[in-house]
Amino acid sequence: MTETDVSTLADVETWSGKGRHDENFPVGSRLIARRHREPIHRYYSFARNADDIADSASLSAQQKIDRLDIMEDVLLGHRQTGSPSAAALRASLSRTGITSKHATDLLVAFRQDATKLRYATVEELHHYCRYSAVPVGRYVLDVHGESSDCHAPSDALCTSLQIINHIQDCATDLAELDRCYLPQALLAQFGASIEDLRRPDETAALRRVFMALLEQVDRMNLEASALPKAVRDRRLRAETAIICGLATRLTKRLTRNDPLAKRVKLQPADAVFSVLAAAPNLL
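Just so you know, these numbers come straight off a predicted model, no measurement behind them. (Residues numbered from 1 in each chain as written. Predicted model: local features only at pLDDT ≥ 70, side-chain atom pairs only at ≥ 80, totals over all residues. Heavy atoms only, no water.)

Undergrad: Explain the overall build of the protein chain to me, using residue names and the numbers behind them.
TA: In terms of regular secondary structure, the protein chain is built from 13 helices and 0 strands. Helices (α) and strands (β) of the protein chain occur, in sequence order from the N terminus, as α-α-α-α-α-α-α-α-α-α-α-α-α. Residue burial in the protein chain is summarised as follows: out of 283 residues, 53% are buried. Look at the contacts in the protein chain between residues 6 or more apart in sequence, and 71% of them connect residues 24 or more apart. (Helix = DSSP H or I, 4+ residues; strand = E, 2+ residues; numbered from the N terminus. Buried < 20%, exposed > 50% of the residue type's maximum accessible area, 1.4 Å probe, protein only. Contact = heavy atoms within 4.5 Å.)

Printed below as a string of structure tokens:
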């Protein structure tokens, strides 16, 4: 397919097969009130499909951007067809009255994924997270009618989860997409290189890079721990407490395990302990 005929596609989405249950954290789980689940699932479907376009190994950068532009046009009502998930989210936003900005901000990050393959500094990485992760938490808060007092700890939690995911997938991102989110300044500081990510095991220098990022993530997790107390909705309070627990436990796993040797992920016990720790938030 040429880059000029994307506008004629009935559906620009290229679903990878990944779903809500493939994430590190619950997405609109049964803990959430039924009336709030549908809007969250609609948003997740939109985000998942846009992310799959940005991460496609078969589309060129321009094809990705063209498809993401069509998703935005459908979302904003400038066209009616081309992206089923955007159309479904548009209808959901119309019912809830929530701003489309949380979705269009995501598209800023996904367009950036199409063209930006390296990150020079930690600040650049955080700026990316401002669009790739922060809007997710803000949207969920708006669905529940929460106040802006929740924004700072929610932003910290979402950024933590995003950087955790970057560390988890650092080897596959480079191998499959030639994309590296690890800040080049940090790699240089510890004597590591992007090419180290192609090795079967981490080097000592790369471990220092991971630990420096995870120390930042630890601080974000600490800030995020205030979120359950700030949330008014009892069921959302429980879910955010569980997610905070999962973020902390996954951070600890990454401090002890090599993400190059094997993908570091949560284990069933992590979910159990996070749920138990969150139990007081149900009261």
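There is more to say, and it comes next.
Undergrad: Any chance you could break down the packing of helix α1 (residues 34-54) against helix α6 (residues 134-143) for me, citing the residues and the numbers?
TA: Where α1 contacts α6, the two axes come as close as 10 Å, and the packing angle between them is 160°. By the angle between their directions, the pair α1 and α6 is classed as roughly antiparallel. The two elements α1 and α6 meet at a crossing, and its hand is right-handed. Side by side, α1 and α6 meet where His 36, Pro 39, Ile 40 and Tyr 43 of the first sit next to Pro 135, Val 136, Tyr 139, Val 140 and Val 143 of the second. Along the lines of polarity and charge, the residues of the contact of α1 with α6 split into 8 nonpolar, 1 polar and no charged. (Axes fitted to C-alpha atoms, helices over the stretch in contact; angles between N-to-C directions. Parallel < 35°, antiparallel > 145°, perpendicular 65-115°, else oblique. Left-handed = near helix turned anticlockwise from the far one by under 90°. Nonpolar A, V, L, I, M, F, W, Y, C, P; charged D, E, K, R; others polar.)

Undergrad: I'd like a rundown of helix α4 (residues 101-115), residues and numbers included.
TA: Its 15 residues place the ends of α4 22 Å apart at the C-alpha level, agreeing with the 21 Å of an ideal helix rising 1.5 Å per residue. For α4, the buried fraction is high: 12 of the 15 residues fall into the buried class. Here α4 has its buried residues at His 102, Ala 103, Thr 104, Asp 105, Leu 106, Leu 107, Ala 109, Phe 110, Arg 111, Gln 112, Asp 113 and Ala 114. In this fold, the buried residues of α4 make contact with α1, α2 (61-75), α3 (84-96), α5 (122-132) and α6. (Expected span 1.5 Å × (residues − 1).)

Undergrad: Describe in detail the side chain of Ser 154, supporting the description with residues and values.
TA: Here Ser 154 lies in helix α7 (residues 151-168). Residue class for Ser 154 comes out buried when judged on its relative accessible area of 3%. Beyond its immediate chain neighbours, meaning those up to four positions away, Ser 154 contacts Gly 137, Arg 138, Leu 141 and Leu 227.

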